[in-house]
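A closer look at the structure
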Amino acid sequence: MNISVLVLDGAFDTGLATVLDVFGTANELAGLLPEPPARFSTTIVGVRDRVLTAQGLQVPMSAIGSEPAPDWLLIPALGQKMPDPLGKALLRPDVAEAVVALRDAAKAGARIGAACIGTFVLAETGLLDGRPSTTTWWLAPMFRQRYPQVRLDASRMLINDGQLATAGAALGHIDLALMVIRQTSPELAALTAKYLIVDSRPLQSAYAISDHLAHSNPLVERFERWARGHLAAGFNLDEAAAALGASKRTLSRRVNDVLGKTPLSYFQDLRVEQAVHLLKTTSDSVDEIAAKVGYGDGVTLRNLLRRRLRKGVREIRAAN
């Protein structure tokens, strides 16, 4: 399988190295299988003769389009991690050239995957419009504002939509590379994950810092503070809007724009977050914790945690 890795100036070193190392590890381990698959051939490509990574390492490369036709073309993250620097980086000429090259590759039938902030480069092409996608969790508000036509689900670690695939923050690069390997050999993907000690993490929402996202908008930040003070009492949209001096419609729209969910859904996220915190830091019973976050009994809370986090109470407390 031919894998092209598109590297732009200022690439996130960990992301680039991770993608290359996962495929390199898979090639080394393939011989341990009874029926080893064909090797993965990786080629670093770009729109310049060479680039410097975010840490200043020089990366030689081939011109994109000159390499063997790729089965997958993967886009590691850029090194910019905050909205303002990223917004400026996306205006660079090399990014514009990469956007054109990616569109051409898609027309030629290449499957394209992007991880972390690399998802912004892929979204610039318009190829993600109307498609389910994920991105790095802390830049989800910027992504929604910049690409409103994309069906963003920032809670997911990996979304494979056939020709296009997107992965979440930072080490989502590993998930993306393992997904490509899994399409050739599930056994090799599993073996590679074991050697690299990669746990299954279908959701990145468990790692998201909810108040970090909320603080990107003043009204949503105030709603977040109001919600934290009313977890035990329960949610009432009329009461929340009145307390914040906003209409229900405005509050709902702002929360959806920033967080991609309804005020009630975000309120429930905060309940789960607080319940997990109490499970890890207190010896309170599940029923006691349920009451503190506004649920009638421990059974309801257990079911919610299992559904939202795919973990039970014992697993959560053991991870403390």
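So, here's what we can say about the structure.

**Here we look at the packing of helix 6 (residues 172-184) against helix 7 (residues 186-196)**
Relative orientation of the contacting elements helix 6 and helix 7 amounts to 145°, with a least axis distance of 6 Å. Facing helix 6, whose interface residues are Leu178, Ile181, Arg182 and Thr184, helix 7 presents Pro186, Leu188, Ala189, Thr192 and Ala193. Tallied by class, the residues present in the contact of helix 6 with helix 7 amount to six nonpolar, two polar and one charged.

**Side note on the environment of leucine 6**
Tracing the backbone through its elements, the reader meets leucine 6 in strand 1 (residues 2-6). Exposure remark for leucine 6: the relative accessible area of 1% places this residue in the buried category. Linking leucine 6 and valine 99, residues 93 residues apart in sequence, is a C-alpha distance of 11 Å. If we skip the residues at most four places from it in the chain, leucine 6 touches Val45, Gly46, Ile64, Leu73, Leu74, Ile75, Pro76, Ala98 and Leu102.

**What to know about the nonpolar core**
Counting 39 residues, the largest nonpolar core has Ile75 and Phe120 as the members making the most contacts within it. Within the residue set of this core, elements represented by two or more residues are strand 6 (72-75), helix 2 (83-89), helix 3 (93-107), strand 7 (111-115), helix 4 (118-124) and helix 5 (140-146). Once residues within four sequence positions are removed from consideration, isoleucine 75 is found in contact with Leu6, Leu102, Ile112, Gly113, Ala114, Ala115, Gly118, Val121 and Leu122. Grouped together as the second largest cluster of nonpolar side chains are 33 residues, Val5, Ala11, Ala177 and Val180 included.

**Quick notes on helix 11 (residues 248-259)**
With 12 residues, helix 11 should reach 16 Å at 1.5 Å per residue; the first-to-last C-alpha distance of 16 Å fits that figure. Turning to helix 11, its buried residues number three or more, namely Leu251, Val255, Val258 and Leu259. For helix 11, the buried positions fall inside an angular range of 75° around the axis, keeping them on one side.

**Quick word on the pattern of salt bridges**
According to the stated counting rule, one finds 12 salt bridges in the structure shown. The salt bridge involving arginine 225 is made with glutamate 221; its shortest N-O contact spans 3.5 Å. You can see arginine 225 and its partner glutamate 221 sitting in helix 9 (residues 218-228), four residues apart, about one turn around the helix. What emerges from the salt-bridge pattern is a single network uniting Glu224, Arg228 and Glu273.

**So, the packing of aromatic side chains**
Under the defined criterion, the tally for this structure stands at 11 aromatic pairs. Ring geometry for phenylalanine 120 versus phenylalanine 143: centroids 5.1 Å apart, planes at 80°, classification edge-to-face. Placement of the pair is phenylalanine 120 in helix 4 and phenylalanine 143 in helix 5, with a sequence separation of 23 residues. A single burial state applies to phenylalanine 120 and to phenylalanine 143, both of which are buried. Classification of phenylalanine 143 as buried rests on a relative accessible area of 0%. Taken together, the ring pairs in this structure connect Phe223, Trp226, Phe235, Tyr266 and Phe267 into an aromatic cluster.

Thresholds, definitions, all that
The residue count restarts for each chain, going from 1 along the sequence in the order it is written. Local features in this predicted model are restricted to residues whose pLDDT is 70 or higher, and side-chain atom pairs enter the listing and the counts only when it is 80 or higher, whereas totals over whole chains, interfaces and linings include all residues. Calculation of side-chain values draws on the structure's entire complement of heavy atoms; hydrogens and water are dropped beforehand. Every angle, taken between N-to-C directions, lies between 0 and 180 degrees, and every axis is a line fitted to C-alpha atoms, over only the stretch in contact when it is a helix. Helix numbers and strand numbers start at the N terminus; a helix is a DSSP run of H or I with at least 4 residues, a strand a run of E with at least 2. Contacts are assigned to residue pairs with any non-hydrogen atoms lying within 4.5 Å of each other. Residues are grouped as follows: Ala, Val, Leu, Ile, Met, Phe, Trp, Tyr, Cys and Pro are nonpolar; Asp, Glu, Lys and Arg are charged; every other residue, Gly included, is polar. Buried, partly exposed and exposed residues are distinguished by accessible area as a fraction of the type maximum, computed with a 1.4 Å probe on protein chains only: under 20%, between the cut-offs, and over 50%, respectively. Nine residue types can take part in a nonpolar core, namely buried Ala, Val, Leu, Ile, Met, Phe, Trp, Tyr and Cys, and a core is a set of them joined through side-chain atoms within 4.5 Å. One less than the residue count of a helix, multiplied by 1.5 Å, gives the span that helix is expected to have. Comment: arc refers to directions from the helix axis out to C-beta atoms. We define a salt bridge as a contact between a side-chain nitrogen of Lys or Arg and a carboxyl oxygen of Asp or Glu at a distance within 4 Å. To pair, rings of Phe, Tyr and Trp, with the six-membered ring standing in for Trp, must have centres within 6.5 Å; the planes then decide the type, stacked if under 30 degrees apart, edge-to-face if over 60, and tilted in the middle.

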